[in-house]
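So the chains spell out like this:
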Amino acid sequence: KQWYQRRVAITAGIAFVKGNFAGTPYNYTRIFGIRLDTCGPGGCLGELAENLAIIFLGKQIMNNFQELLIPMMKSWWSRRKSNQYQSGTDKEQISISMTTPWEADNDLAEQENLFPEYLEMVIQYGFATMFVVAFPVAPLFALINNVVEIRLDAKKYTELLKRPIPINCMSIGIWYGILDYMASIAIITNAFVIAFTSDFVSQILWKYNHDDGLATYVKGHLSSFTGPILNDLGEEVIDTCKYWDYRLEKGETSLWWWKLKAVQFIFVVVFEHFVFTIVRLIDLLIPDVPEKLEALIHLEDSFAREMMKEVIEIDLEKLEDVRNRVKKKKVPTATLR
């Protein structure tokens, strides 16, 4: 899972750090002498979508092949080491087809715990929800992957690994709380992606303040830098270039920059409060257990209690009958004088 940890860091860096803290040509931000990277001409939202596409298309396909091939190799090696594959002659004695199914299953690889399976689903859920505004088809690819993985897991747990010991459980345990917290975090992260990573808020604000719409949007968001730059020949010359930011001369922040940041933060607060309200209303209006199912559960519980009561009464009657018969058969002992 180290690959996923690195990918989470890269995705969060592209969404919230890259392009927002790089500085200006007058004063670039550096960490340990290394200048922070900036986004391309298409913006950070396109790079974020490319990163999510790598996760949902490339990595998940590789994981599905890996989850199928590794158990196959483990089971093959386990059968090789079993007594039924010990070479007594020149050819290996393969008699597994002549044994019972439970004897054949005993030669399979040991069953691992389900923690990696739960962890994989939680990580997938996090990527599909936290950055869904940058890659809207992520839930669709997650659904397709899960449909395929259901069949792969069925083959893995029934044919390639030893059967697990079934244990009754009421829920998925702590994973439900983790998914609930991740859903809340996803609302906040998507609000920040819309406000700061994309140009949605800045375009709306520009259209509100200018009568010509977005005709001058690009020109109005280009700041000028005059200083030493490299030309096509690699020579350092004094010239003027443009960069995407809202700055005055010498990299000073403009009034529009402060106005935009204020509107972006206001949008984040309004957006997450609105979505949280809608989510809580849906949670209140739609019960976790349907009313018909809850009524059937109560009815089943009442039937179970009645049946248990009848069984206890029958057992008590039988016990009382046994006691009466023992008393009748009991012979009083004679007193010796």
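Model, not experiment: these values are computed from the prediction. (Residues numbered from 1 in each chain as written. Predicted model: local features only at pLDDT ≥ 70, side-chain atom pairs only at ≥ 80, totals over all residues. Heavy atoms only, no water.)

Considering the overall build of the protein chain
Then step 1. Across its full length, the protein chain holds 10 helices and six strands.
Then step 2. Going through the 337 residues of the protein chain one by one, you find that 28% of them count as buried.
Then step 3. A separation threshold of at least 6 residues defines the contact pool for the protein chain, and within that pool the share at least 24 residues apart is 65%. (Helix = DSSP H or I, 4+ residues; strand = E, 2+ residues; numbered from the N terminus. Buried < 20%, exposed > 50% of the residue type's maximum accessible area, 1.4 Å probe, protein only. Contact = heavy atoms within 4.5 Å.)

Digging into the confidence of the model for the protein chain
Should the pLDDT be low somewhere, the predicted coordinates at that spot are not to be read in detail.
Then step 1. Averaged over the protein chain, the pLDDT score is 77; the fraction of residues at 70 or greater is 88%.
Then step 2. Below a pLDDT of 50 lies the segment residues 87–98, which in the model reaches 14 contacts outside its immediate sequence neighbourhood of four places, other chains included. (pLDDT = per-residue confidence, 0-100.)

Here we look at the packing of helix α6 (residues 174–197) against helix α9 (residues 255–285)
Relative placement of two packed helices is described by the angle separating their axes and the distance separating the axes.
Then step 1. Axis separation between α6 and α9 bottoms out at 9 Å; the angle between their running directions is 150 degrees. Taken together, α6 and α9 sit at an angle that is classed as roughly antiparallel. For α6 against α9, the interelement crossing comes out right-handed. Between α6, through S184, I187, I188, A191, F192, I194, A195 and F196, and α9, the contact on the second element is made entirely by K261, Q264, F265, F267, V268, F271, E272, V275, F276, V279 and R280.
Then step 2. By residue class, the composition of the contact of α6 with α9 is 14 nonpolar, two polar and three charged. (Axes fitted to C-alpha atoms, helices over the stretch in contact; angles between N-to-C directions. Parallel < 35°, antiparallel > 145°, perpendicular 65-115°, else oblique. Left-handed = near helix turned anticlockwise from the far one by under 90°. Nonpolar A, V, L, I, M, F, W, Y, C, P; charged D, E, K, R; others polar.)

A short note on the packing of helix α7 (residues 200–209) against α9
Then step 1. Axis separation between α7 and α9 bottoms out at 10 Å; the angle between their running directions is 120 degrees. In terms of orientation, α7 and α9 fall into the oblique class. As α7 runs across α9, the sense of the crossing is right-handed. Along its contact with α7, which presents F200, V201, S202, L205, W206 and N209, the element α9 presents W256, K259, L260, V263, Q264 and F267.
Then step 2. Residues of the contact of α7 with α9, tallied by class, amount to eight nonpolar, three polar and one charged.

Brief notes about the nonpolar core
Then step 1. Ranked by internal contacts, the top residues of the largest apolar core, which has 22 residues, are L48, L52, F56, F127, F131 and F135.
Then step 2. Elements with a contribution of two residues or more to this core: α1 (2–17), α2 (44–81), α4 (115–130), α5 (138–160) and α6.
Then step 3. Top element by residues in this core is α2. It accounts for six residues.
Then step 4. Ignoring sequence-local partners within four residues, the contact set of L48 consists of T11, I14, A15, F131, A134 and V193. (Core = buried A, V, L, I, M, F, W, Y, C linked by side-chain atoms within 4.5 Å.)

What to know about the side chain of D153
Then step 1. You can see D153 is positioned in helix α5.
Then step 2. Its relative accessible area of 17% is what places D153 among the buried residues.
Then step 3. When near neighbours in sequence (up to four residues on either side) are disregarded, D153 contacts E67 and E117.

Looking at a nonpolar patch on the surface
Then step 1. Where nonpolar side chains cluster on the molecular surface, the patch consists of F274, I278, L281, I282, L284, L285 and I286 and spans about 760 Å² of accessible area.
Then step 2. Residue L285 is classed as exposed on the basis of its relative accessible area of 69%. (Patch = residues over 30% accessible without salt bridge, like charges linked within 9 Å, V, L, I, M, F, W, Y side chains within 5 Å. Areas by Shrake-Rupley, 256 points an atom, 1.4 Å probe, with all protein chains shown as cover. Salt bridge = Lys/Arg side-chain N within 4 Å of Asp/Glu carboxyl O.)

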